[in-house]
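# Coordinate analysis (summary)
One letter stands for each residue in the lines below.
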Amino acid sequence: MNAPLIWIVLPLGLSGGLFLLMRWRKLTGVVGSAFALLLAASAWLLPVGETIQLGIVSFEIQPDWIVFGRRYLLENSDRPLVIVLNLAIAFWFLGSLSLTGRSLLAPFGMAISSTLIAAVFVQPLYKGTFLIYFAAILSILLFVSEWGKVNLGIKQYWIFQSLAMPLLLLAGWLLSGTEANPGEISSASLIYILLLLGMALLLSGFPFQSWLPAIAQIVNPYSFSLVILLNSFSSSLYTIVFLRQYTWLSSSSWILLFFGIEGFLMTILGGIGAIYHRHLGRWMGYALIKEIGMSFLAIGMGLALPEQSSVLAILFMQVLPRGIALALWALACTLYHEHGGSINIQDLVGLGRRYPIATGAYFLSVLTLVGFPLTAAFPIHLLIWQGWFQNFPPFAFAAIFGSVGVLIGGLRAMAVLVRSDPNQPLVPHETRLQIILLTIGSVFLLLGGIFPSWFLPTLYNMGLTFFKGN
């Protein structure tokens, strides 16, 4: 028995089985969420490379697995990523039980999650770009299966990911087998060019971020939110692990400048775009551009410090409040869409009176994504703002400006939702299950902001464990 077989191959096989159950959406969601929770629990409880005693039975989970000449190494320090991704898909699968219609979210979500886990742990690491590209193809197939056509945003996403793969592969090939200083590498300039361009494409940095609002405007909000959370979080970790293989590269002024400038531009562009949006999907696309910019700033700040792991662990702290806020936004928007067939601003007048619980959850998701005080994301935003104020204040001002822009855009939509409309009676239309899910998520966002010590230390320790081992 080995770790990659349990946490990569087994869920991939289950994703194929879930395709056979897709006629029964609730059954698919229940099976998928139960299995994802089981995988997360096993990653939490079962150590790798140590003897495990269960009654009279003892066994050991081996950390590596070799298949087709590729080695997959998943050690104890890598288990936090397995836990986070499986908890995320379990949360989304449970939420899908309250929605109507058929969906391929569960089988595709399970396959995307396990593929991204494999990408971070394959050896040599630069081969993981193949797997990240494969996860992007699965994401596109999910979008197309639910939308029924390919729009410009989906084409852009496919093109950008297709360009990122060969650039990072070539950079990894040039870097492989060397730990020399950049001055001793004849192709150092070429490596920097390939890496910077490849990372901008892979992480949807400037100027390759336009596909986010374009896709968010047309695809199912619920599927979009899960795919973007999985891909952005895993790609960020992959990039960091890739860079930290080479000490001179991760501390290079060019790399640090790249993350700082990208974070500066992304937060500003996200904030400006969010202010002028006319569609709730586009608003989330711009909010995610701002959130990716915040991740860029966290990575740049972490790589610049001698003790990198202590700051990079912020990425794990971000993922829980961001994920819950995305899920609440997606569930609310899906309800609006099922009611009127559109989530354009002009079509949402007074709709909050029919879906008061969903609208309240949407409002809390807006406050969380901008790092508003007393929400679960505020302590994390505050750490990034303070860190950059001490090092380079313009980047901190850009991050705050982006949050203000996203807040203004969210409040514009909120004003339309709660506008008085005599044709919309104040009668809740959410089902009991939807009310329960929306309420639980909203309460967590509030309690997480009032009592951050309940979850932030655990996430921080998970991030610290992951980055110290990679």
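Read on for a plain summary of the structure. (Residues numbered from 1 in each chain as written. Predicted model: local features only at pLDDT ≥ 70, side-chain atom pairs only at ≥ 80, totals over all residues. Heavy atoms only, no water.)

### Notes on the overall build of the chain
- When helices and strands are counted, the chain shows 19 helices and five strands.
- Relative to the globule expectation of 23 Å for 470 residues, the C-alpha radius of gyration of the chain, 22 Å, shows essentially globular dimensions.
- The principal-axis extent of the C-alpha atoms belonging to the chain is close to 75 × 60 × 45 Å.
- Among the 470 residues that make up the chain, the fraction classed as buried is 60%. (Helix = DSSP H or I, 4+ residues; strand = E, 2+ residues; numbered from the N terminus. Rg over C-alpha atoms; globule rule 2.2 N^0.38 Å. Buried < 20%, exposed > 50% of the residue type's maximum accessible area, 1.4 Å probe, protein only.)

### Notes on the packing of helix 5 (residues 128–147) against helix 9 (residues 221–244)
- It is at 11 Å that the axes of helix 5 and helix 9 come closest, and there the two elements cross at 170 degrees. The pairing of helix 5 with helix 9 is recorded here as roughly antiparallel in orientation. Residue-level inspection shows Gly128, Thr129, Ile132, Ala135, Ser139, Leu142, Phe143 and Glu146 of helix 5 in contact with helix 9, the latter providing Ser223, Phe224, Val227, Asn231, Ser235 and Tyr238.
- Each residue belonging to the contact of helix 5 with helix 9 can be placed in one class, and the counts come to seven nonpolar, six polar and one charged. (Axes fitted to C-alpha atoms, helices over the stretch in contact; angles between N-to-C directions. Parallel < 35°, antiparallel > 145°, perpendicular 65-115°, else oblique. Contact = heavy atoms within 4.5 Å. Nonpolar A, V, L, I, M, F, W, Y, C, P; charged D, E, K, R; others polar.)

### Brief notes about helix 12 (residues 280–303)
- The terminal C-alpha atoms of helix 12 lie 35 Å apart, and with 24 residues this matches the ideal 34 Å at 1.5 Å per residue to within 8%.
- Most of helix 12 is tucked away: 23 of the 24 residues are buried. (Expected span 1.5 Å × (residues − 1).)

### Focus: the side chain of Ser15
- Along the chain, Ser15 turns up in helix 1 (residues 3–20).
- Look past the residues within four positions of Ser15 in its chain and what remains in contact with it is Pro107, Met110 and Ala111.

### Points about the pattern of salt bridges
- Applying the stated criterion across every chain, the model contains three salt bridges.
- Note that Lys290 is salt-bridged to Glu291, the shortest N-O span being 2.6 Å.
- A relative accessible area of 1% means that Lys290 is categorised as buried.
- On the basis of relative accessibility, which here comes to 4%, the residue Glu291 falls in the buried class.
- Residue Arg322 pairs with Glu291 through a salt bridge whose shortest N-O separation is 2.7 Å. Residue Arg322 is found in helix 14 (residues 314–340), and its partner Glu291 is found in helix 12; the two are separated by 31 residues along the sequence.
- On the basis of relative accessible area, Arg322 is assigned to the buried category, the value being 11%.
- Connected through shared salt-bridge partners, Lys290, Glu291 and Arg322 make up one network. (Salt bridge = Lys/Arg side-chain N within 4 Å of Asp/Glu carboxyl O.)

### Digging into the packing of helix 11 (residues 253–275) against helix 12
- Running from N to C, helix 11 and helix 12 cross one another at 155 degrees; their axes reach a closest spacing of 7 Å. In terms of orientation, helix 11 lies roughly antiparallel with respect to helix 12. The hand of the helix 11/helix 12 crossing is left-handed.
- Broken down by class, the residue content of the contact of helix 11 with helix 12 amounts to 17 nonpolar, seven polar and two charged. (Left-handed = near helix turned anticlockwise from the far one by under 90°.)

### Describing the pairing of strand 3 (residues 64–67)
- Strand direction decides the pairing type here: strand 3 and strand 4 (residues 70–73), joined by four bridges, are antiparallel. Within the sheet, the bridge partner assigned to Trp65 lies in strand 4 and is Tyr72.
- Connecting strand 3 to the next strand, strand 4, in antiparallel fashion are two residues, including Phe68 with a positive phi near 55 degrees. (Pairing = 2+ DSSP bridges.)

### What about a nonpolar patch on the surface?
- On the surface, a nonpolar cluster with roughly 660 Å² of combined accessible area is contributed by Leu374, Val443, Leu446, Leu447, Ile450, Phe451 and Trp454.
- Following the sequence through the fold, Leu447 ends up in helix 18 (residues 432–450). (Patch = residues over 30% accessible without salt bridge, like charges linked within 9 Å, V, L, I, M, F, W, Y side chains within 5 Å. Areas by Shrake-Rupley, 256 points an atom, 1.4 Å probe, with all protein chains shown as cover.)

### A closer look at the nonpolar core
- Counting 169 residues, the largest nonpolar core has Phe224, Phe259, Trp283, Tyr336 and Tyr362 as its most contacted members.
- Take this core: its biggest share by element is 17 residues, from helix 14.
- When near neighbours in sequence (up to four residues on either side) are disregarded, Tyr362 contacts Leu280, Trp283, Trp329, Ala332, Gly410, Ala413, Met414 and Leu417. (Core = buried A, V, L, I, M, F, W, Y, C linked by side-chain atoms within 4.5 Å.)

That's the geometry; what it means functionally is another story.
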